[in-house]
Amino acid sequence: MDNTPEQGQSISAQEPPEELKWSRRQFIWGSAVLGFAGVVAMWGRGLISSAARGVFGSPVATGLIHVYQEDFYFVPNYMTWRVGDKMTMRIHNMSLTRYHEMQIGRDVSTENTIFGTLTADGFLKDFWVGVHVRASSPYKIDNFVTNKAIMTFEGPKDLYQLATGGAFSPTLEPGGHIDLSFTVPDKPGIWHYGCFVQNAEHWRFGMRGILNVVRA
Ligand SMILES: [Cu+2]
């Protein structure tokens, strides 16, 4: 019985070493830090960022922004713009083989075919109507429908391959790009952007995005 602790000296009754004595406050702060680290780690995986985006919206894009067209998606596929911000949107067609366009609007047009009702050639409601847009740095433009935007063009106008019909939309050849400078109009709410090239196949393949326009 030599190993039995004497009364008053049992292990459980001993004071823990000083460094193990976490106060309640330390515990709460420690948990908060660990929780925050977890959130940051998950943010990297996009889980929290997409959840937060659903609640708070994506970070506001302003100044010079880049939109990349790929086969068949946009990067980014979600943007938030703030009314009154001055923006230059540089659209790049990154495809090596495909033409791509970018319309922004609401209400996709449809047509009835023997295959049923199909997406037609674009949006019925054009975001760019009445917006002052300055176009510049045109390169490898297939055609550019400006619809009812109020346009100014930098450089020789024939480089823009101006065309008519449908919503505002530059269509870029593979490797092409264009800059569009504008002040975000007071048209708040959710808008959509998309590419309707090849009988709207690109749109159906998922070449689309969401634009959230917020008031300052
Ligand atoms: Cu496309």
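Look a little higher up for the structure.
Residues numbered from 1 in each chain as written. Predicted model: local features only at pLDDT ≥ 70, side-chain atom pairs only at ≥ 80, totals over all residues.

Q: Describe in detail the environment of Thr62, supporting the description with residues and values.
A: Considering the arrangement of structural elements, one finds Thr62 in the loop between α2 (47–56) and β1 (63–70). Taking the C-beta count within 10 Å as the criterion, Thr62 has 14 such neighbours and is therefore assigned partly exposed. (Helix = DSSP H or I, 4+ residues; strand = E, 2+ residues; numbered from the N terminus. Buried ≥ 20, exposed ≤ 12 C-beta atoms within 10 Å, placed from the backbone.)

Q: Kindly report on the pairing of strand β13 (residues 208–214), identifying the contributing residues and their values.
A: Side chains of β13 alternate between two faces, with Gly209, Leu211 and Val213 buried and Arg208, Ile210, Asn212 and Val214 left unburied. Direction of pairing for strand β3 (residues 78–82) relative to β13: parallel, over a ladder of five bridges. Bridge pairing in β13 links Met79 to Leu211. Bridge analysis of strand β12 (residues 189–194) against β13 gives six bridges, and the strand direction is antiparallel. Counterpart to Gly189 in the pairing with β13 is Val213. (Pairing = 2+ DSSP bridges.)

Q: Quick rundown of the nonpolar core? Include the residues and the values.
A: One finds Trp81, Ile178, Cys195 and Leu211 to be the most contacted residues of the largest nonpolar core, which totals 30 residues. When residues of this core are traced back to their parent elements, those giving at least two are β3, β8 (132–145), β11 (169–183) and β13. No other element matches β8, which puts four residues into this core. (Core = buried A, V, L, I, M, F, W, Y, C linked by C-beta atoms within 7 Å.)

Q: Can you tell me about the pairing of β1, naming the residues and giving the values?
A: When a strand is regular, its side chains alternate between the sheet's two faces. Sheet topology places β1 next to strand β4 (residues 86–93); seven bridges connect them, and they run parallel. Residue pairing for β4: His66 is matched across the bridge by Arg90. Pairing of β1 with strand β2 (residues 73–75), which is carried by three bridges, proceeds in the antiparallel orientation. Looking at β2, one finds that Glu70 is bridged to Tyr73.

Q: Account for the environment of Ile150, naming residues and giving values.
A: Looking at where Ile150 falls in the secondary structure, it is placed in strand β9 (residues 150–153). With 13 C-beta atoms counted inside 10 Å, the residue Ile150 sits in the partly exposed group. Once the C-alpha coordinates of Ile150 and His132 are considered, the two residues, 18 residues apart in sequence, prove to be 4.6 Å apart. Excluding residues within four positions of it along the chain, Ile150 makes contact with Gly130, Val131, His132 and Val133. (Contact = placed C-beta atoms within 7 Å.)

Q: Go over the sheet that holds β12 with me, naming the residues and quoting the values.
A: Pairing in this open sheet of five strands is mixed, and the strands run β3-β13-β12-β6-β7 from one edge to the other. For this open sheet the edge positions go to β3 and β7 (116–126), each flanked by a neighbour on one side alone. When strand polarity is set aside, the average angle formed by the axes of neighbouring strands in this sheet is 35 degrees. With seven bridges connecting them, strand β6 (residues 103–113) and β7 associate as antiparallel partners. Pairing of Arg106 across the sheet is with Lys125, part of β7. (Axes fitted to C-alpha atoms, helices over the stretch in contact; angles between N-to-C directions.)

Q: Lay out unusual backbone geometry in plain terms, naming residues and giving numbers.
A: The omega torsion across Asp71 and Phe72 is 5 degrees, close enough to zero to call that bond cis. Residue Pro76 is bonded to the preceding Val75 through a cis peptide linkage, with omega at -5 degrees. Checked against the element boundaries, Pro76 lands in the loop between β2 and β3. The backbone of Gln161 sits at a positive phi, close to 50 degrees, despite the residue not being glycine. Along the chain, Gln161 falls in the loop between β9 and β10 (162–163). When the 16 C-beta atoms within 10 Å are taken as the criterion, Gln161 is described as partly exposed.

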